Amino acid sequence: MWAYTVGFTVLPHVGGFLGWFLNRKEIPAWYEKLKKPSWCPSRRVFPVAWTMLYTGMGYASYLVWSDLGGCGSKAIVPMGLYGAQLLLNWAWPPLFFGAHNLNMAVVDVLCLDGLALGTFCSWYRINRLAALLLLPYLGWLAMATCLTIRVWKDNPQLEPGKSD
């Protein structure tokens with residue numbers, strides 16, 4: 001059973017790592033030039049935060065999956081919500097950093113917020129610890145949503161897919 005625990009815990013890191021790897025050159029080349037609010041976290045905070053958040057949500061997904069007895073009919077909605085929000089989470093870096101498409105990044109993060117909140121609500125009835133493990137992620141998403149919207153509003157001259 002430990003293999004499932006490790007697999008579920010590591011899974012969110014896969015997309016997070018790929019998003020970073022594919023877009024890592026855009027951070028100094030493009031992101032650093034954007035107008036950002038004074039409350040924007042340092043670049044060094046992001047990898048540490050996402051490592052903790054992905055680990056917590058991954059382990060939480062294992063708890064829910066295990067409590068539901070695996071991939072049965074009862075798992076469709078709670079695990080489907082989780083999978084959908086995870087895909088939107090993974091889609092944000094290529095939209096924002098790769099395509100420089102702030103419009104789509106805002107749409108993505110707003111949809112992500114709804115799905116993450118839906119995941120929390122569906123998991124709370126199944127496993128409260130799993131739901132509570134999502135609270136730091138929901139808090140970070142609130143900040144990330146505000147930051148994405150603020151960057152979008154403060155950089156209106158940027159057209160999707162074009163660099164400075």
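Look up a bit, the structure's there.
Scoring rules and cut-offs
Residues numbered from 1 in each chain as written. Predicted model: local features only at pLDDT ≥ 70, side-chain atom pairs only at ≥ 80, totals over all residues. Heavy atoms only, no water. Helix = DSSP H or I, 4+ residues; strand = E, 2+ residues; numbered from the N terminus. Expected span 1.5 Å × (residues − 1). Bend = angle between axes of the 7 residues up to and from the residue. Buried < 20%, exposed > 50% of the residue type's maximum accessible area, 1.4 Å probe, protein only. Contact = heavy atoms within 4.5 Å. Phe/Tyr/Trp six-rings, centres within 6.5 Å; stacked < 30°, edge-to-face > 60°. Lys NZ or Arg CZ within 6 Å of the ring centre and 35° of its normal.

A word on helix H4 (residues 76-98)
In this model H4 runs 32 Å from its N-terminal to its C-terminal C-alpha over 23 residues, within 8% of the 33 Å that 1.5 Å per residue would give. Maximal helix bending in H4 amounts to about 25°, located at Ala-91; proline Pro-93 follows within four positions. For H4, the set of buried residues is Pro-78, Met-79, Tyr-82, Gln-85, Leu-86, Asn-89, Trp-92, Pro-93, Phe-96 and Phe-97. Looking at the buried positions of H4, the neighbouring elements they touch are helix H1 (2-23), helix H2 (26-29), helix H3 (45-67), helix H5 (102-124) and helix H7 (135-154). Looking one or two residues beyond H4, the residue adopting positive phi is His-100, at roughly 55°.

Topic: the packing of aromatic side chains
Summed over the entire model, instances satisfying the criterion amount to 18 aromatic pairs. Measuring from ring centre to ring centre gives 4.5 Å for Trp-92 and Phe-96, while their planes differ by 15°; the resulting arrangement is stacked. Separated by 4 residues within a single helix, Trp-92 and Phe-96 lie in helix H4, roughly one turn from each other. You'll find Trp-92 and Phe-96 in the same group, each marked buried. Taking the centre distance of 6.1 Å and the plane angle of 35° together, the rings of Phe-120 and Tyr-124 count as tilted. Of the two residues, Phe-120 and Tyr-124 both sit in helix H5, 4 residues apart, roughly one turn of that helix. In this structure Phe-120 comes out as buried when scored by relative accessible area, which is 16%. Given the relative accessible area of 34%, Tyr-124 is considered partly exposed. What links up through ring pairs into an aromatic cluster is the set Tyr-4, Phe-8, Tyr-59, Tyr-62 and Trp-65. The ring of Tyr-31 carries Lys-36 above its face, with NZ or CZ at 4.4 Å from the centroid.

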